[in-house]
Amino acid sequence: MARFISTQSINLELPLRVDHLPDQGAEVRASIMEGAVVAGGFYVVATVARQGVAACVTAPLGTGPNSIQARHSLGREGISVLSREIVGDIGLRIAAIDSEGVRSVITSPGVEVEPDPRDLAGIILRGNDYVFVSLNDLAYPQLAEILTNWIEQLPENLYLAVAGGPLVGEVDLDVMVKVLARADLLTLNKHQADTMRMRLGRGPIAEVLRRYVKPETALVLRDGQNGAIIQESAGQTPRGVPAYPTDLMDTTGAGEAHTGVLLASLIMGSSLEQACARANAAAALAMGRRSYYRIPTASQIDNFLATNPRL
C-alpha cells in the first residue's frame, strides 16, 4: 500500500476555553482545557495512521521539550520521522476556543518553518506515495521557498494532495499558483475557498480554481454541516456529498479529521465520492464531541456509519 508523507509543520498548542474573544486592548478570562498538546500537522497524519495507512512526516523537529513531546506523540501513533534533528525547538501556538466552538490562534513558530533542503532531497519516494502539503505552511517565506522548489521536482506520477489553512490569504500568489499547478487534489473549507476566490478571480469557486489546476485535479470544497462539494476533474458537474447529522459541540479538529480520512480512503482505493462520504462522517464524529482534537479511528467511523444515516 502507498505511504502517506506529510510535509505539514508540527508545533505545540495550548488550548484555552473562553466565553468570547477580547476587544482590542481588553482582557478576558480563560480556562486551560487539557494542557499543551502536539498540534499543527500532527492531527492530519495521526488521523491517516489510525485508518491503517503507513504515515511519515518530513517536518523538522528540534532538541527542545516541545519537540520531545512531539516525537513521543508521533511514536505512539506509529508515524515515522523522515527529517534529521535540528538544534532548537518547534514553536508554540495559543488557541482560544469560544462558546460557539470557533477557534482563534496565535502562533510563535520555531524550527518547523526552517527545514533543511537536504532532508527533503534525501527522501526516497515511491511511485505510489501520497505527498501532503498545507497551504498554511507556504505563508512562511523560507519554508515556502524550500517546499515549492521540492514540489516542482516531484515525479509526475506521484500524487500530491494540497489542503488550505487559516493563512491562505497570506501566501504569496506566485507560490500559490506554482503549488496549485502541481496538485492532484485540493481540499478547502468554505472560508479558505472564499479567501482564495477573492485573490484568484471572479466566478464560482470551482471555475476559479480550474484556471490554476490540472484538468484531472480533484476538488473537495467543505462546508461544515452542509457536507461537501466534489468535482473529480474539469468538465464534470460539481456534486454534493451530504453531511451526517450531529449536534454541533466543537468544530476543533473537524477539518483535520475530514482531510485525514479523505486521503486515507483514497489511498485504500475508494472513489472520491466514497472517500468524501466517509470523511464527512469523520467530521461529524469530531464535531459531536466536546473534547480537544478528536482523532477518529477506522472502527469508530465504521460504528458511526452503522448508526447514522446521511442527511
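Given the structure is predicted, the values throughout are model-derived calculations rather than measurements.

With that out of the way, let us pick up the packing of aromatic side chains. Counted under the stated rule, the structure contains four aromatic pairs. Plain terms: the ring middles of Phe42 and Tyr43 are 5.2 Å apart, the flat faces sit at 80 degrees to each other, and that makes the pair edge-to-face. In this structure, Phe42 and Tyr43 share a single accessibility class: buried.

Next up on the list: the pattern of salt bridges. Oppositely charged side chains may form a pair once their charged atoms are brought near each other. Tallied over the entire structure, the rule returns 14 salt bridges. Among the salt bridges present, the one from Asp184 reaches Arg182, with a minimum N-O distance of 3.0 Å. Residue classification places Arg182 among the buried positions, given a relative accessible area of 11%. In this structure, Asp302 and Arg278 form a salt bridge, with 2.9 Å as the shortest nitrogen-oxygen distance. Within this pair, whereas Asp302 is found in helix H10 (residues 298-307), its partner Arg278 is found in helix H9 (residues 272-287), the two being separated by 24 residues in sequence. Within the structure, one salt-bridge network assembled from shared partners comprises Arg84, Asp116, Arg118 and Asp119.

Once that is clear, we can look at the pairing of strand E12 (residues 218-222). Most of E12 is tucked away, with five of its five residues classed as buried. Burial of E12 is two-sided: the residues Ala218, Val220 and Arg222 facing one way and the residues Leu219 and Leu221 facing the other way are all buried. Relative to E12, strand E11 (residues 185-189) runs parallel, the two sharing five bridges. Among the inter-strand pairings, Leu185 is bridged to a residue of E12, identified as Ala218.

Cut-offs and rules
Residues numbered from 1 in each chain as written. Predicted model: local features only at pLDDT ≥ 70, side-chain atom pairs only at ≥ 80, totals over all residues. Heavy atoms only, no water. Phe/Tyr/Trp six-rings, centres within 6.5 Å; stacked < 30°, edge-to-face > 60°. Buried < 20%, exposed > 50% of the residue type's maximum accessible area, 1.4 Å probe, protein only. Salt bridge = Lys/Arg side-chain N within 4 Å of Asp/Glu carboxyl O. Helix = DSSP H or I, 4+ residues; strand = E, 2+ residues; numbered from the N terminus. Pairing = 2+ DSSP bridges.

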